[in-house]
Amino acid sequence: MNLDNKTTENVNFMIEKIKEKLKVLNIGAIKSTHFDEDLYDDIKEIYEHVMKRDSFSPNEMQAIAEELGNLRKQ
């Protein structure tokens, strides 16, 4: 998958991978449809950060979830 292309499909892919990596318990709270391509670069930055880490503290997971919440469509 080429994540250099700013597409809805890539946004969906990154959000799903973030959820898997963080083992989000409330999966319904984070849906790829909540995010817009306009924020692609921000989502990709979070995605790259999450993918390079092996584990997260509860505080880190909360911070990432809050950041994704800030990026959600209004």
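Not measured: the values here are computed from a predicted model.

(A) Region of interest: the side chain of Lys44. Tracing the backbone shows Lys44 in helix H2 (residues 40–51). Under the relative-accessibility criterion, Lys44 is labelled buried at 17%. Among residues more than four places away in sequence, those in contact with Lys44 are Leu3, Asp4 and Met14.

(B) Region of the structure containing helix H1 (residues 8–22). The terminal C-alpha atoms of H1 lie 21 Å apart, and with 15 residues this matches the ideal 21 Å at 1.5 Å per residue to within 8%. Regarding H1, the residues found buried are Asn10, Val11, Met14, Ile15, Ile18, Lys19 and Leu22.

(C) Seen up close, the confidence of the model for the protein chain. In this model, the protein chain carries a mean pLDDT of 86, and residues with pLDDT of at least 70 account for 92%. Predicted confidence in the protein chain is weakest over helix H3 (residues 58–71), with a mean pLDDT of 87, and strongest over H2, with 95.

(D) Focus on the nonpolar core. Of all hydrophobic cores here, the largest spans 18 residues; its most connected members are Phe35 and Leu68. Looking at this core, the elements that each hand over two or more residues are H1, H2 and H3. If we ignore the near neighbours within four places in the chain, the residues touching Phe35 are Val11, Ile15, Ile30, Ile43, Leu68, Leu71, Arg72 and Lys73.

(E) Molecular detail of the packing of aromatic side chains. Inspection of the entire model under this criterion finds one aromatic pair. Ring centres of Phe13 and Tyr47 lie 6.2 Å apart, and the angle between their planes is 55°; this geometry places the pair in the tilted category. Separated by 34 residues along the polypeptide, Phe13 in helix H1 and Tyr47 in helix H2 bring together distant segments of the chain. Note on Tyr47: relative accessible area 12%, which makes it buried.

(F) Structural context of the packing of H1 against H2. Here H1 crosses H2 at 30°, and the two axes come no closer than 10 Å. Handedness of the H1/H2 crossing: left-handed. Residues Asn10, Val11, Phe13, Met14, Ile15, Lys17, Ile18, Lys21 and Leu22 of H1 lie in contact with H2, whose contacting residues are Tyr40, Ile43, Lys44, Ile46, Tyr47, Val50 and Met51. Along the lines of polarity and charge, the residues of the contact of H1 with H2 split into 12 nonpolar, one polar and three charged.

Rules behind the numbers
- Residues numbered from 1 in each chain as written.
- Predicted model: local features only at pLDDT ≥ 70, side-chain atom pairs only at ≥ 80, totals over all residues.
- Heavy atoms only, no water.
- Helix = DSSP H or I, 4+ residues; strand = E, 2+ residues; numbered from the N terminus.
- Buried < 20%, exposed > 50% of the residue type's maximum accessible area, 1.4 Å probe, protein only.
- Contact = heavy atoms within 4.5 Å.
- Expected span 1.5 Å × (residues − 1).
- pLDDT = per-residue confidence, 0-100.
- Core = buried A, V, L, I, M, F, W, Y, C linked by side-chain atoms within 4.5 Å.
- Phe/Tyr/Trp six-rings, centres within 6.5 Å; stacked < 30°, edge-to-face > 60°.
- Axes fitted to C-alpha atoms, helices over the stretch in contact; angles between N-to-C directions.
- Left-handed = near helix turned anticlockwise from the far one by under 90°.
- Nonpolar A, V, L, I, M, F, W, Y, C, P; charged D, E, K, R; others polar.

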